[in-house]
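Coordinates in review
What follows is the residue order along each chain.
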Amino acid sequence: MNGMKRLQCAVALGVLFVIACSDGEDPARPGAILTDQDTQNIISAADIESMNGTYTNCTNRTDPWSLAVTGTPTLDNAPLSVIRGDTGCQLAITEIRTGADGLLEASAPIALSTTFGPARSFGNPISFYATAAVGSVNFGGDFSLTLLFSAQPRNADDMLTASFATVTNSSASAVGVPAPNYTLNAAGATVTTDIAGIVITVLGNVGLTAGSAPGDSYLIVSGSVNDSYADINSTFLAGSPTAVSATIAASAFLAPGVNLASGAVRTLIIAKITNGVASYQKLAITFNPPS
């Protein structure tokens, strides 16, 4: 009727029927999407269970929100919703709850917009990095929230053998940012030593062949690096990476004067970084004296 306000009511069904009514409030509710840029598959419930966040300048919304991602987890806060058309509402992610590591706090809130912003670290030591975006900030209807994150490390058992080195392969992978998957060919490299195993010359190149997931840059470090994402990531960030190419000079791994009598370990880390979220392949190379 003219002059009367229309009441819109949201009904929650549980042990009790709870009816909440407000003048003209029509909530736009989110759907969470976790994407793999290669396969577009939904990730498993063991990775990300739910997200927590905050409202800023949102009508009738002040308390923290939660959003279920996989399965039906117990939420820490009331479910995320925005009043339809509340264009001034600003959302941010502050925590992510995982199946393996529990609740992890962001190093800084992830402010949500329609483009991926700066990646934030989660956990101490760091378990992964993540960034996110929403399909719309107009909230004219139900909206999507996409989380791009680097997952827990995944180790492979592949092994390559060269005349002077044994190479073991492991990778720290990411959902949405596939870990590089190169193969290494040492046939073009020649290492000579004296009778005591001291390196005399290092000639030629080590070949890198990209698989389905090429990388952006690489770093070579002396010694071993643990397989955890935190260790691989911190080692890479502390170095001075080089752009990936099809070959790497063998001299970048080994220098004259190095004693190979007990083996000399060099670690090659190859990175792929998308929207500030990095995934890695790690090749641990042990140089042995020629037999």
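See the structure printed just above.
Residues numbered from 1 in each chain as written. Predicted model: local features only at pLDDT ≥ 70, side-chain atom pairs only at ≥ 80, totals over all residues. Heavy atoms only, no water.

1. Some details on the pairing of strand β24 (residues 277-287)
Looking along a regular strand, one sees the side chains alternate between the two faces of the sheet. Rule in force here: Per-residue accessibility, obtained with a 1.4 Å probe over protein chains only, is compared with the maximum for each type, and a residue is labelled buried under 20%, exposed over 50%, and partly exposed between these values. Each helix is a run of H or I in the DSSP string that is no shorter than four residues. Each strand is a run of E no shorter than two, and both are numbered from the N terminus. We treat two strands as partners when DSSP finds at least two bridges between them.
For β24, a buried count of 10 out of 11 residues is recorded, marking the element as mostly surrounded by other parts of the structure. Across 11 bridges, strand β23 (residues 264-274) lies against β24 in antiparallel orientation. Of the residues in β24, the one forming a bridge with T274 is V277. The turn joining β23 and β24, which pair antiparallel and follow one another in sequence, is formed by two residues; a positive phi near 50 degrees is taken by N275.

2. Quick word on the nonpolar core
Applied cut-off: Residues grouped as a nonpolar core are buried Ala, Val, Leu, Ile, Met, Phe, Trp, Tyr and Cys residues, joined through side-chain atoms within 4.5 Å.
Counting 27 residues, the largest nonpolar core has M51, L91, I93, I96 and L147 as the members making the most contacts within it. Secondary-structure elements contributing two or more residues to this core are β5 (48-56), β6 (65-68), β9 (90-98), β10 (102-111), β12 (128-134) and β13 (143-150). Counting 22 residues, the second-largest nonpolar core is a separate cluster that includes A189, A250, F253 and L268.

3. Thoughts on the packing of aromatic side chains
Basically, it comes down to this: Two rings from Phe, Tyr or Trp (for Trp, the six-membered ring) form a pair when their centres are within 6.5 Å of each other. A pair whose planes differ by under 30 degrees is stacked, one over 60 is edge-to-face, and the rest are tilted.
According to the stated counting rule, one finds seven aromatic pairs in the structure shown. Considering the side-chain rings of Y129 and Y229, the 6.5 Å spacing of their centres and the 55 degrees angle between planes classify their relative orientation as tilted. Taken as a pair, Y129 in strand β12 and Y229 in helix α1 (residues 229-238) lie far apart in primary sequence, 100 residues in all. The class of Y229 is buried, set by a relative accessible area of 1%. Relative to Y280, the ring of F236 lies with its centre 5.3 Å away and its plane at 55 degrees, an arrangement referred to as tilted. Here Y280 lies in strand β24 and F236 lies in helix α1, a separation of 44 residues in the sequence. Judged by its relative accessible area of 0%, Y280 is buried. Each member of the aromatic cluster is reached from another via a ring pair, and the members are Y129, Y229, F236 and Y280.

4. With respect to the side chain of S127
Threshold: Here a polar contact is recorded for every N or O atom pair within 3.5 Å, except that within protein the pair must consist of a potential hydrogen donor and a potential acceptor, and residues adjacent in sequence are included only if both atoms are side-chain atoms.
Note on placement: S127 falls in the loop between β11 (120-122) and β12. A polar contact of 3.4 Å, which involves the side chain of S127, links it to the side chain of D101.

5. A word on the state of the cysteines
Filter applied, for reference: Cysteine sulfur atoms are paired as a disulfide whenever they come within 2.5 Å of each other.
Inspection of the entire model under this criterion finds one disulfide. The partner cysteine of C58 in its disulfide is C89, sulfur to sulfur 1.9 Å. In this structure, the disulfide formed by C58 and C89 twists by about 80 degrees around the S-S bond and is classed as right-handed. Of the two residues, C58 is situated in the loop between β5 and β6 and C89 in the loop between β8 (82-83) and β9; the sequence distance between them amounts to 31 residues. Grouping residues by exposure puts C58 and C89 together as buried.

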